[in-house]
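Residue-level structural notes
Listed below, chain by chain, are the residues.
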Amino acid sequence: MTVIEQWATDHDDETVIIVTAEEFRAAAQQALDELGLTYAELEEQARSRDFSSAQAHALWVSIGGTVDL
């Protein structure tokens, strides 16, 4: 991962890291692969509000609607 920018926020325990669009897509795909899901399957779970796991729900919160995989 190439960090383009990084800075601390007003909260001591929070750091913001900016990555390229390509790196974001790769990370999203890796997370989907680890869950054994396609983006379309995750999107359907979101539509039906019936996620296969807490991790799938958290991933949707992180990437839902932001990538076209």
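These remarks concern the structure in this document. Quantities reported herein were computed from a predicted structural model and do not represent experimental measurements. (Residues numbered from 1 in each chain as written. Predicted model: local features only at pLDDT ≥ 70, side-chain atom pairs only at ≥ 80, totals over all residues. Heavy atoms only, no water.)

**Re unusual backbone geometry**
At Arg49, a residue that is not glycine, the phi angle is positive and equals roughly 55 degrees. Position of Arg49 relative to the elements: it lies in the loop between helix H2 (39–48) and helix H3 (54–63). (Helix = DSSP H or I, 4+ residues; strand = E, 2+ residues; numbered from the N terminus.)

**Description of the packing of helix H1 (residues 21–35) against H3**
At a minimum axis separation of 11 Å, H1 and H3 run at an interaxial angle of 165 degrees. Between H1 and H3, the crossing angle belongs to the class labelled roughly antiparallel. Considering only the axes of H1 and H3, their crossing is left-handed. For the pair formed by H1 and H3, the contact residues are Phe24, Ala28, Ala31, Leu32 and Leu35 on the first element and Gln55, Ala56, Leu59, Ser62 and Ile63 on the second. By residue class, the composition of the contact of H1 with H3 is eight nonpolar, two polar and no charged. (Axes fitted to C-alpha atoms, helices over the stretch in contact; angles between N-to-C directions. Parallel < 35°, antiparallel > 145°, perpendicular 65-115°, else oblique. Left-handed = near helix turned anticlockwise from the far one by under 90°. Contact = heavy atoms within 4.5 Å. Nonpolar A, V, L, I, M, F, W, Y, C, P; charged D, E, K, R; others polar.)

Read these as geometric descriptors, not functional statements.
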